Amino acid sequence: MSKTVHLDEEECIGCASCVEICPEVFQMKEGDDKAEVIKPEGGPEELIQEAIDTCPVSCIHWEE
């Protein structure tokens, strides 16, 4: 089973660092100041991991 990307939108503070690092997987929700995952099956794992590590509220993680 492969891992997918999960973002807890309730915890998200809308800093957009994940969008800047990996726009092919994350985007800002229209009409909301929060990020969302647009490609849960992932993309470049090193960029997703960088987004996870950079998130100031640790609301992004891998799910098995």
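Note that the structure is predicted; figures quoted are calculated from it, not measured.

Draft legend 1. A look at the pattern of salt bridges. Taken as a whole, this structure holds two salt bridges when the rule is applied. With a shortest N-O distance of 3.6 Å, Glu45 and Lys3 are connected by a salt bridge. With Glu45 in helix H2 (residues 45-54) and Lys3 in the segment before strand S1 (4-7), the pair connects residues that are 42 residues apart, well separated along the chain. A relative accessible area of 46% places Glu45 in the partly exposed class. Glu9 is the salt-bridge partner of Lys29, the closest N and O atoms lying 2.8 Å from each other. Note that Lys29 is positioned in the loop between strand S2 (26-28) and strand S3 (35-37) and Glu9 in the loop between S1 and helix H1 (17-21), a separation of 20 residues in sequence. The class of Glu9 is partly exposed, set by a relative accessible area of 27%.

Draft legend 2. Main features of the packing of aromatic side chains. A full pass over the atoms with the stated rule returns zero aromatic pairs. Over the face of the ring belonging to Trp62 we find Lys3, whose NZ or CZ atom lies 4.4 Å from the ring centre.

Draft legend 3. Main features of the side chain of Ser17. Assignment of secondary structure puts Ser17 in helix H1. Those residues in contact with Ser17, other than ones at most four positions away along the chain, are Thr54, Cys55 and Pro56.

Draft legend 4. Structural context of the nonpolar core. Core analysis: the biggest nonpolar cluster contains 16 residues, and Leu7, Cys18, Phe26 and Ile60 have the highest contact counts within it. If near-sequence neighbours (up to four positions away) are discounted, Leu7 is found in contact with Cys12, Cys18, Phe26, Ala35, Val37, Cys59 and Ile60.

Draft legend 5. Geometry of the state of the cysteines. Scanning all chains against the criterion turns up zero disulfides. Left without a disulfide partner, Cys12 is nearest to the cysteine sulfur of Cys59, which lies 4.7 Å away. Among the residues examined, Cys12 registers a relative accessible area of 8% and is labelled buried. This cysteine, Cys22, is not joined by any disulfide, and Cys18 carries the nearest cysteine sulfur, 8.7 Å off.

Draft legend 6. Seen up close, H2. Of all the residues in H2, the buried ones are Ile48, Ala51 and Ile52. Down the axis of H2, the buried set is contained in an arc of 100°. They therefore lie on one face. Of the exposed residues in H2, those oriented more than 90 degrees away from the buried face are Glu46 and Asp53. Where the residues of H2 are buried, they touch S1, H1, S2 and strand S4 (60-63).

What counts and what doesn't
- Residues numbered from 1 in each chain as written.
- Predicted model: local features only at pLDDT ≥ 70, side-chain atom pairs only at ≥ 80, totals over all residues.
- Heavy atoms only, no water.
- Salt bridge = Lys/Arg side-chain N within 4 Å of Asp/Glu carboxyl O.
- Helix = DSSP H or I, 4+ residues; strand = E, 2+ residues; numbered from the N terminus.
- Buried < 20%, exposed > 50% of the residue type's maximum accessible area, 1.4 Å probe, protein only.
- Phe/Tyr/Trp six-rings, centres within 6.5 Å; stacked < 30°, edge-to-face > 60°.
- Lys NZ or Arg CZ within 6 Å of the ring centre and 35° of its normal.
- Contact = heavy atoms within 4.5 Å.
- Core = buried A, V, L, I, M, F, W, Y, C linked by side-chain atoms within 4.5 Å.
- Disulfide = S-S within 2.5 Å.
- Arc of directions from axis to C-beta.

None of the figures reported here should be taken as evidence of function without further support.
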